[in-house]
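Spelled out, the chains give:
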Amino acid sequence: MNSVLISLTARQLLGRRRTLVIGLLLALPILIAVIYRFSEEAGSGDATEEVALGLVSVMIFTLLLPLVALVFGTASLGAEIEDGTAVFLLTKPIERWRIVAIKVGVASVAAALLVVPVTMATTWIVHESPTADGLMAGLGLGALVASVLYCAAFVALSAVTSRALIFGLIYVFVWETFATRIFDSLRWVSIREYAYGWSDAIISINDNGSFYDPHLGVTTAIIGTMVVLAAACAGGTRALTRFEIGERT
Amino acid sequence: MANLGEAPQSRGVVYDLGYRNYDGPRLGRRYAIRSLYVLSLRNTFGLGRGTLPKVLAFGLALIALLPAIFTVAFGALAGEDFELVEHHEYFGFIGIVIVLFVAAMASDLVGNDRRNNTLPLYFSRPIERDDYLLAKIAALATALMSLTLVPQLLVFVGNWLGATDGTEWLGDNISDIWRIGASSTLASVQLAVIGLAIAMFTTRRAFALTSVLAALWFSVVFTGVLVAVLGPGWAAVAMLATPGYAMNATTYVIFDAVPARADRLGEMADQVAYADLPGWTWIVALVAQTAVALFFAIRRYRKVTL
């Protein structure tokens, strides 16, 4: 039953026009990286690690990564609820936590498969070296962690509300991007900052925070990650156990 | 049964059940448009709908209002010189909130009618296809005013009340009123038209939401990064084609706040200054974008299948 559910979810997520559009969007950072590499800027001016960090954080970590995770996370469970096929799923003798875990797992893998290579490729093209400063591996790890956490959070959200997409967008763009910029302490509650914290375990840039400045240490990031995962799985399972079949408004 | 056989004979009916036809005054097309406008406007704020749409709309409007509230509150406490956000920066500051509002509302306004198959009901009324579109655009633009015009007016009134000499302050700043009005109206209409034009190409809410967000927000981020690696000519082209840039630049122009020619990196205002274009170009760009979006929207709705 598990394997059926896994392959079904994977087909729902990937076998559509959506994947093509997401692929095109994800080509943008690579395109910019290539433009940068061949422009006059590359030889002079800013250090390449600064450009790589800036590009990856602006285009991927604050924009495309949350979006991809949001689309996959809300589609894997939310689309079933919206289309009414969730009924067939929920009336099967499968534990609800298992359903949540599979939906989270498949969405995370799909998102990570798309986002992590793009992150690493963009870093590599701009920074010219795959190993220097641990930048490529570090940002790749951060992208992986962020994919899993965002997907978990948004699967749980879509079990709770039928408008998960817009509330997820508000969380990502108003809370993580807007509010944390004004109030520094809110960074303690931000999936993006946890991802940066994980990256920091590998990245070995030390410039006293002039452009590289992860706000959370590795330990905090790991604790935050655990809390988000546990809360998402528990919350999602709880919402699914109390799920009422019928008209949703 | 009283009227059986007395009904007008001109209607060729198989059964005459004796129902009386309505022959009173008809309210007509304009009334229908106005009704659709009011209904759509109520729908954007979730009035007459469930709790969730209300929370969403009023929540976003409140977030858009917060910087204004802070500005007024701290201005009152810290003296009149304090300004968290100035008028010309306001749309840039809360840009993402406005875009999210447009995305959420546009996908609802045109999407719900197609998902619920209510379009045939509208088009069986004395309402033309263009009228339907116009009513929806007007409704979204009006709703947007609560995120663009209202916070700006709040800042204005707050600064006025906080000024030591109210009359003198008003005399100095009265011209801001038309600037606020013009910039909010232009921004609201532009975003409403573009948002609706994109949202009406798909029936799925998720797709509509994401596409509007991509067109209005990702484009800004993408152009911002692109400007940093392109020369001034191409950078200017990229900025003119981006709705978010046209909107903010128009606001700077209206408030006469484009900085002196600056380094291209940094704030959006500096990038606009880097393009070094005459002010009217940005307004033309904004109007042109709106017109193109309107053209595609009208064409779309003339062909839409019911």
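In the block above lies the structure referred to throughout.
What counts and how
- Residues numbered from 1 in each chain as written.
- Chains lettered and ligands numbered in written order.
- Predicted model: local features only at pLDDT ≥ 70, side-chain atom pairs only at ≥ 80, totals over all residues.
- Heavy atoms only, no water.
- Helix = DSSP H or I, 4+ residues; strand = E, 2+ residues; numbered from the N terminus.
- Rg over C-alpha atoms; globule rule 2.2 N^0.38 Å.
- Buried < 20%, exposed > 50% of the residue type's maximum accessible area, 1.4 Å probe, protein only.
- Contact = heavy atoms within 4.5 Å.
- Areas by Shrake-Rupley, 256 points an atom, 1.4 Å probe, with all protein chains shown as cover.
- Lys, Arg positive; Asp, Glu negative; His and termini not counted.
- Charge placed at Lys NZ, Arg CZ, Asp CG, Glu CD.
- Buried area = accessible area lost by both parts, 1.4 Å probe.
- Salt bridge = Lys/Arg side-chain N within 4 Å of Asp/Glu carboxyl O.
- Axes fitted to C-alpha atoms, helices over the stretch in contact; angles between N-to-C directions.
- Parallel < 35°, antiparallel > 145°, perpendicular 65-115°, else oblique.
- Left-handed = near helix turned anticlockwise from the far one by under 90°.
- Nonpolar A, V, L, I, M, F, W, Y, C, P; charged D, E, K, R; others polar.
- Phe/Tyr/Trp six-rings, centres within 6.5 Å; stacked < 30°, edge-to-face > 60°.
- Core = buried A, V, L, I, M, F, W, Y, C linked by side-chain atoms within 4.5 Å.
- Disulfide = S-S within 2.5 Å.
- Expected span 1.5 Å × (residues − 1).
- Bend = angle between axes of the 7 residues up to and from the residue.

Caption draft 1: Quick peek at the overall build of chain A. Per the secondary structure count, chain A includes nine helices and zero strands. Computed over its C-alpha atoms, the radius of gyration of chain A comes to 19 Å, within 12% of the 18 Å expected for a compact globule of 249 residues. For chain A, the C-alpha atoms occupy an extent of roughly 60 × 40 × 30 Å along the three principal directions. For chain A, the residues scored as buried account for 50% of the 249 residues in total. Long-range contacts, defined as pairs at least 24 residues apart, comprise 77% of the intrachain contacts of chain A with a sequence gap of at least 6. When the accessible surface of chain A is summed, it comes to about 11100 Å², and 65% of that surface belongs to carbon and sulfur atoms. Distance from the positive charge centre (16 side chains) to the negative charge centre (19 side chains) of chain A: 17 Å.

Caption draft 2: Geometry of the interface of chain A and chain B. Opposite the 31 residues of chain A that make contact, chain B presents 29 residues. Together, the buried faces of chain A and chain B total about 2800 Å²; carbon and sulfur atoms form 80% of this surface. Sorting the residues of chain A by area buried against chain B places Arg163, Ile166 and Phe178 of chain A first, and these three jointly supply 22% of that buried surface. One can count two salt bridges joining chain A with chain B. Of the charged contacts, one joins Arg204 of chain B and Asp83 of chain A as a salt bridge, the two residues approaching to 3.6 Å between their closest N and O atoms.

Caption draft 3: Focus on the packing of helix H2 (residues 51–78) of chain B against helix H6 (residues 129–162) of chain B. Residues and elements named next belong to chain B. In the contact formed by H2 and H6, the axes pass within 9 Å of each other and the chain directions differ by 15°. In terms of axis orientation, H2 runs roughly parallel to H6. H2 and H6 meet at a crossing whose hand is right-handed. When H2 is examined against H6, the residues Leu60, Ala61, Ala64, Leu65, Ala68, Ile69, Thr71 and Val72 are found in contact with a partner set consisting of Leu147, Val150, Pro151, Leu154, Val155 and Gly158. Class assignment for the residues of the contact of H2 with H6 results in 12 nonpolar, two polar and no charged.

Caption draft 4: Focus on the packing of aromatic side chains. Taken as a whole, this structure holds 12 aromatic pairs over all chains when the rule is applied. Geometrically, the ring pair formed by Tyr150 of chain A and Phe154 of chain A is stacked, given 5.8 Å between the ring centres and 10° between the ring planes. Placement of both Tyr150 of chain A and Phe154 of chain A in helix H6 (residues 135–160) is noted, with a separation of four residues, approximately one turn of the helix. Exposure remark for Tyr150 of chain A: the relative accessible area of 1% places this residue in the buried category. Judged by centre distance (6.1 Å) and plane angle (45°), the rings of Phe45 of chain B and Phe101 of chain B are tilted. Remark: Phe101 of chain B occurs in helix H4 (residues 95–115) and Phe45 of chain B occurs in the loop between helix H1 (28–44) and H2; sequence separation between them is 56 residues. Phe101 of chain B matches Phe45 of chain B in its accessibility class, with the two residues each being buried. Taken together through their ring pairs, the aromatic side chains of Tyr122, Phe123, Tyr132 and Tyr301 of chain B make up a single cluster.

Caption draft 5: Looking closely at the environment of Thr131 of chain A. Inspection of the secondary structure assignment puts Thr131 of chain A in the loop between helix H5 (96–127) and H6. When the C-alpha positions of Thr131 of chain A and Ile203 of chain A are compared, they lie 9.9 Å apart, and in sequence the two are 72 residues distant.

Caption draft 6: Fine view of the nonpolar core. If you look at the biggest cluster of nonpolar residues, it comprises 163 residues, and the most contacted ones within it are Leu169 and Phe173 of chain A together with Leu100 of chain B. The element best represented in this core is helix H3 (residues 48–83) of chain A, accounting for 20 residues. Setting aside anything within four residues of it in sequence, one finds Leu100 of chain B in contact with Ile166, Leu169, Ile170, Phe173 and Val174 of chain A together with Leu60 and Leu213 of chain B. If you look at the next biggest cluster of nonpolar residues, it comprises five residues, including Phe156, Ala163, Trp169 and Phe255 of chain B.

Caption draft 7: Structural view of the state of the cysteines. Counting across every chain of the model gives zero disulfides over all chains. With no disulfide of its own, Cys233 of chain A lies 12 Å from the sulfur of Cys151 of chain A, the closest cysteine sulfur.

Caption draft 8: The arrangement of helix H2 (residues 17–38) of chain A in detail. The end-to-end C-alpha distance of H2 of chain A, which contains 22 residues, comes to 32 Å, matching closely the 32 Å that a straight helix rising 1.5 Å per residue would cover. Remark: the principal bend of H2 of chain A, roughly 25°, maps to Leu28 of chain A, with a proline, Pro29 of chain A, within the next four residues. Among the residues of H2 of chain A, those classed as buried are Arg18, Thr19, Ile22, Leu25, Leu26, Pro29, Ile32, Ala33 and Tyr36 of chain A. Where H2 of chain A is buried, its residues contact helix H1 (2–14), H3 and H5 of chain A together with helix H9 (205–229) of chain B.

Caption draft 9: Structural context of the pattern of salt bridges. Taken as a whole and assessed by the stated rule, the structure comprises 14 salt bridges over all chains. A salt bridge links Glu176 of chain A to Arg192 of chain A, with the nearest nitrogen and oxygen atoms 3.6 Å apart. Taken together, the residues span a long stretch of sequence, with Glu176 of chain A in helix H7 (residues 164–182) and Arg192 of chain A in helix H8 (residues 191–200) at a distance of 16 residues. With a relative accessible area of 2%, Glu176 of chain A lands in the buried category. Note that Asp184 of chain A is salt-bridged to Arg187 of chain A, the shortest N-O span being 2.6 Å. Here the residues in one salt-bridge network are Arg163 of chain A together with Arg49, Asp108 and Arg205 of chain B, joined through shared partners.

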